[in-house]
Amino acid sequence: MKWTTELRYKRYEDWTEQEVQDLKELNAQSPWHNHYHVEPATGLLNDPNGFSYFDGKWILFYQNFPFGAAHGLKQWVQLESNDLVTFKETGLKILPDTPLDSHGAYSGSALQVADQLFLFYTGNVRDEYWVRHPKQIGALLHRDGTLEKIDQVLIEQPSDATDHFRDPQIFQLEEDYYAIVGGQDLDQKGFVRLYKAENKDIRNWVKVGDLDFANDRTAYMMECPNLVFIDQQPVLLYCPQGLDKEIFDYQNIYPNLYKIGQSFDRTTAQMVDVGPLMQLDYGFETYATQGFNAPDGTAYAISWMGLPDVSYPSDQYEHQGCMSLVKKLSLRDGKLYQEPVESIKNLRQGQEDWADRLETNNSYELELSIPAQEDASLVLFANPAKEGLQIQIDRQAGVLTVDRSGLGNRFDLEHGETRSLDLPEGDTKLRIFVDQSTFEIFINDGEFVLSGRAFPGQDQTGCYQTKGQVTGHYYPLANHGR
Ligand code: FRU
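Residues numbered from 1 in each chain as written. Predicted model: local features only at pLDDT ≥ 70, side-chain atom pairs only at ≥ 80, totals over all residues. Heavy atoms only, no water.

The name that an unreviewed UniProt entry assigns to the protein chain is Sucrose-6-phosphate hydrolase, with the source organism given as Streptococcus danieliae. Word for word, the UniProt comment on the protein chain under Subcellular location (unreviewed entry) is "Cytoplasm". Turning to the protein chain, the UniProt record has this under Function (unreviewed entry): "Enables the bacterium to metabolize sucrose as a sole carbon source." (UniProt positions renumbered as here; feature names shortened; annotations may be inferred.)

Here it is, written out as structure tokens:
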């Protein structure tokens, strides 16, 4: 399909039943559907939205263009979960169907306010000259499952920002509601702005100031900023586009990074004593990560495993994108640790000792340890010639490298096929999740994460150890997908 602007913005009601049926059939032919990672029902999935807890359930929406592997007219699609592992679609959507979100219900967040879930998002509006007018708007999800859009703009585009102004994230500090919005100033530099709901009224947002997070001002846009609080410390997760590589070395087209502050001054919008810029995920595609503090204070995050402006092998089936697993966040020694939630273990269908195997169904977990002095090498999604996704530990260099050049369907070559990270000395613990076309590697109990997409050829279903003294377990995992 050639995705012209006209097709991408064709109104939902103008797609025929036949076109939708054909799309479903084409989507279903993809050999790369995940078994336990969230995927779009049809078309393209991008950012996680509205990740929250409401009415006894975990709520998550995904950004979606439902008609193919393209960034077109976006909607939100709702999922619910009881355990943060299995998410099911509820049928509820935020459609781009009003004058305030006519060209897309863009990204945003959610928080329970009084007896409803307040959804705070960006209405993407284009005028007749195709000029964009971003509007921060809202909707209320009632306990009976009905959705009510608030018929007013909650935050207008400020006069000192361009039309890149979006992705409101709401959070609560004591009794008050705050929100941050990502934007671009008139010098085309990215910023993050803090607002406060006057008298706790979510219809009345007042600017506090630009978030002071020691912004280096090299990025041209900050997408999807999120503030979460861990042990009272603010952690800013964000996606600075166009960040100078001298400031931070990254290989992905756009990075997803974080900074930790010692404390947060909500009256001056300052993250006090901000630490260095850090990599959230050392892999290939983590983006638009959304974090939030659950009612008990625990911080969770989930990421889009995909990047803007990148094509994927699954595009040939007009299907693109998936979510990461939900990650529980904690701070240790000034670093963010990310671990899968405990209930992920419920997916395990058995346990075996680690050993090479020619056949897997490409949906499993590995829990491995590698002694301090040992080099090691593993191949996942491997064919009988042991070509696939290679994970290598080189002790002399002190580096762990992942190389996806051995996969049957290579892509995004422009941004490189290897990623690596510096390993601390000592034994290395790896917890690896493999799912049809997705892998997530948690290193040393979440000290580092390296994840990505991998599109194996038909015969790439093995896993092998080609070097080293590796011990641990293999767990086949359940299929919760389609
Ligand atoms: C990030 C992003 C957001 C925007 C959304 C549109 O991937 O560009 O900034 O709200 O996607 O789908």
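Picking up where we left off.
Enquirer: So, the packing of aromatic side chains: which residues are in play, and what are the values?
Expert: Enumeration over the complete set of coordinates arrives at 31 aromatic pairs. On the basis of an interplanar angle of 85 degrees and a centroid distance of 5.3 Å, the ring pair of W3 and F65 is categorised as edge-to-face. In this pair, W3 sits in the segment before α1 (5-8) while F65 sits in strand β2 (residues 57-65), placing the two residues 62 residues apart along the sequence. Taken as a pair, W3 and F65 share a single burial class, namely buried. Centre to centre, the rings of F292 and Y300 are 6.4 Å apart; their planes meet at 40 degrees, and the pair counts as tilted. Residue classification places F292 among the buried positions, given a relative accessible area of 9%. The structure contains a cluster of three or more aromatic residues connected by ring pairs, namely W3, Y12, W15, F65 and F67. Taking NZ or CZ as reference, K10 lies 4.1 Å from the ring centre of W15, over its face. Positioned over the ring face of Y250 is K245, at 5.0 Å from the centre of the ring. (Phe/Tyr/Trp six-rings, centres within 6.5 Å; stacked < 30°, edge-to-face > 60°. Helix = DSSP H or I, 4+ residues; strand = E, 2+ residues; numbered from the N terminus. Buried < 20%, exposed > 50% of the residue type's maximum accessible area, 1.4 Å probe, protein only. Lys NZ or Arg CZ within 6 Å of the ring centre and 35° of its normal.)

Enquirer: Quick rundown of the site of the ligand? Include the residues and the values.
Expert: Around the ligand, the neighbouring residues are N46, D47, Q63, K74, Y106, S107, R166, D167, E223, Y287 and W304. In this structure, Q63 approaches the ligand through a side-chain N or O atom, which is 2.6 Å from an oxygen atom. D167 places a side-chain nitrogen or oxygen 2.6 Å from an oxygen atom of the ligand. For the ligand, whose free accessible area comes to 320 Å², the fraction covered by protein is 92%. In this structure the site holding the ligand corresponds to the largest pocket. Mapped by element, the contributors of at least two residues to the shell around the ligand are β1 (43-54), β5 (105-113) and β9 (161-173). (Near = heavy atom within 4 Å. Polar contact = N/O pair within 3.5 Å; in protein donor to acceptor, adjacent residues only side chain to side chain. Areas by Shrake-Rupley, 256 points an atom, 1.4 Å probe, with all protein chains shown as cover. 1 Å grid on protein atoms, 1.4 Å probe; cavity = no way out; pocket = protein on both sides within 12 Å on 5 of 7 lines; lining within 4 Å. Sits in = over half its atoms within 2 Å of the grid points.)

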